[in-house]
Amino acid sequence: MPGLLHGFLAESARRHGDRVAIDVPPGPGRPRRTMTYAELDRRSDAFAGTLGAGGERVVAIRIPRTSPDLFVAQIGALKAGAAYTCIDPTFPEEHARLLIADCGAAAVVDAVADAGGPPPDPLLSDPGRLAYVIYTSGTTGRPKGVEIEHRSIANLVAADLAAFGLGPGDRVAQGSSHAYDSSVEETWLAFASGATLVVMDDEAARLGPDLVPWLRRERITVLCPPPTLLRTTGCADPRADLPDLRLLYVGGEALPQDLADRWAPGRRLENGYGPTECTVTVTRGTIRAGEPVHIGRPVPGNEAWVLDDEGNESDEGELCIGGIGLARGYRDRPELTAERFPVHPRLGRMYRTGDLVRRAADGTLFFLGRRDAQVKLRGYRVELPAIEAHLAAQPGVRGAACAVQDGVLAAFGVGDAPPDAAALR
């Protein structure tokens, strides 16, 4: 197993250099664009040479998903010994500036020139090197940068290769924003196996009923959506409508039983669970129609403990995670890191998820709900107090509250005068 994330690409480029690594289907005013594994390897080498060697830096990448340069920049940063953080170009400018400042970006990349020298060779054998930083919301309104090392994400990618048996004939849909960690696993499901990564633009990712024709037209064999997206398709017979789809790998929010029963027949339905702090997916299990939905067992290399309020192992309680998937911590937030990644006197360092689970006699885990005010909406993790803090900081607002109602994030405010609705929105 490669100890570094980009080591998987090196193997795919060696074995499948002429095959298409990235396929961006046509969109409004945009023709289809493709890039082979050989070209991806060569251009990421060149970009790494442009960055040059240095200490453990973070490169901020602000390139749309519909440009293959996004992936060139990610891999090139890794080859240069740096880490990357991705900023969605649709983010408000103020938020983007906050993330760039928080990560201490050594460079901000908006495009990749097809030039540069050979890649540098700084500590490229160190799996403890930082690979990427993913930002999640915080209860104070300040985003938290989760630092993930190469060994953590490389372990997950190797486990995916062993579990799913993907190969050059597969076409993996990439629908997540690259600012979120779910995009990392989607991307490397393809790159590590020699498959083709087929990039959805934002319009395709939100198509609803039109998504099924898009998947069929692009001959997608692997799809990794949040369950909410499956529901919006309105697809009554997925087995008949999507005969090419052989792996449906859901995550990001709880999987309802009715969706599981509808989408499982005719393919493998895998339900993944994992906070960003535990490297995308930390437990998962295969779901079959008519059987209760669960979140499976730990991905190899990880540990999952169910603890009661006193920190003792129990059949029902808070899910706590240990093992190779644990993040290094929160960037420049040592106190918060110590709080969320405590050292258990017997079990060692762990991450407290805040999720309640039940462990069955065979070790299978069943998700029961949250202990705090965090929710997941369309696959994104949202801290309701973070939004409330932003609203309460607006002129004239004395108090605010948020809730998820019928799949929509709703906010309520109390003020001294009618508020500026556009500003609050």
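Novice: Describe the packing of aromatic side chains, naming the residues involved and giving the relevant values.
Specialist: Here the structure, examined in full by the defined rule, presents seven aromatic pairs. By the ring-pair criterion, three or more aromatic residues cluster together here, those being Tyr37, Phe71, Trp188 and Phe191. We note arginine 358 situated over the ring of phenylalanine 366; from NZ or CZ to the ring centre the distance is 4.5 Å.

Novice: A description of the pattern of salt bridges should follow, citing residues and the corresponding values.
Specialist: Counting across every chain of the model gives 24 salt bridges. Salt bridges sharing common partners tie together Asp23, Arg32, Arg171 and Glu218.

Novice: So, the pairing of strand β15 (residues 302-307): which residues are in play, and what are the values?
Specialist: Burial analysis of β15 places five of its six residues in the buried class, the great majority of the element. Here six bridges tie β15 to strand β16 (residues 316-323), and the two strands are oriented antiparallel to one another. From the neighbouring strand, tryptophan 305 faces β16, where its bridge partner is cysteine 320.

Novice: Help me get a handle on the nonpolar core, residues and values and all.
Specialist: Ranked by size, the top nonpolar core spans 73 residues in total, and within it Ile22, Leu40, Tyr132, Ile153, Trp188 and Phe191 carry the most contacts. With sequence-adjacent residues up to four places away left out, isoleucine 153 is seen in contact with Leu5, Ala131, Tyr132, Ile148, Val184, Thr279 and Val280. Listed in part, the 24 residues of the second largest apolar core include Leu211, Cys235, Ala264 and Leu269.

Novice: Which residues make up the side chain of threonine 233, and what are the values?
Specialist: Its place among the elements puts threonine 233 in helix α9 (residues 227-233). Look at threonine 233 and you get buried, because its relative accessible area is 7%. When residues no more than four places from it in sequence are discounted, the contact partners of threonine 233 are Gly208, Pro209, Leu211, Val212 and Trp263.

Novice: Please provide a residue-by-residue account of the packing of helix α1 (residues 5-16) against helix α5 (residues 150-164), values included.
Specialist: Contact geometry of α1 with α5 gives a least axis separation of 7 Å together with a crossing angle of 45°. Relative to α5, the element α1 is oriented oblique. Contacts between α1 and α5 involve Leu5, His6 and Phe8 from the former and His150, Ile153, Ala154, Val157, Ala158 and Leu161 from the latter. In terms of residue class, the contact of α1 with α5 is built from seven nonpolar, two polar and no charged.

The rules behind these values
- Residues numbered from 1 in each chain as written.
- Predicted model: local features only at pLDDT ≥ 70, side-chain atom pairs only at ≥ 80, totals over all residues.
- Heavy atoms only, no water.
- Phe/Tyr/Trp six-rings, centres within 6.5 Å; stacked < 30°, edge-to-face > 60°.
- Lys NZ or Arg CZ within 6 Å of the ring centre and 35° of its normal.
- Salt bridge = Lys/Arg side-chain N within 4 Å of Asp/Glu carboxyl O.
- Buried < 20%, exposed > 50% of the residue type's maximum accessible area, 1.4 Å probe, protein only.
- Helix = DSSP H or I, 4+ residues; strand = E, 2+ residues; numbered from the N terminus.
- Pairing = 2+ DSSP bridges.
- Core = buried A, V, L, I, M, F, W, Y, C linked by side-chain atoms within 4.5 Å.
- Contact = heavy atoms within 4.5 Å.
- Axes fitted to C-alpha atoms, helices over the stretch in contact; angles between N-to-C directions.
- Parallel < 35°, antiparallel > 145°, perpendicular 65-115°, else oblique.
- Nonpolar A, V, L, I, M, F, W, Y, C, P; charged D, E, K, R; others polar.

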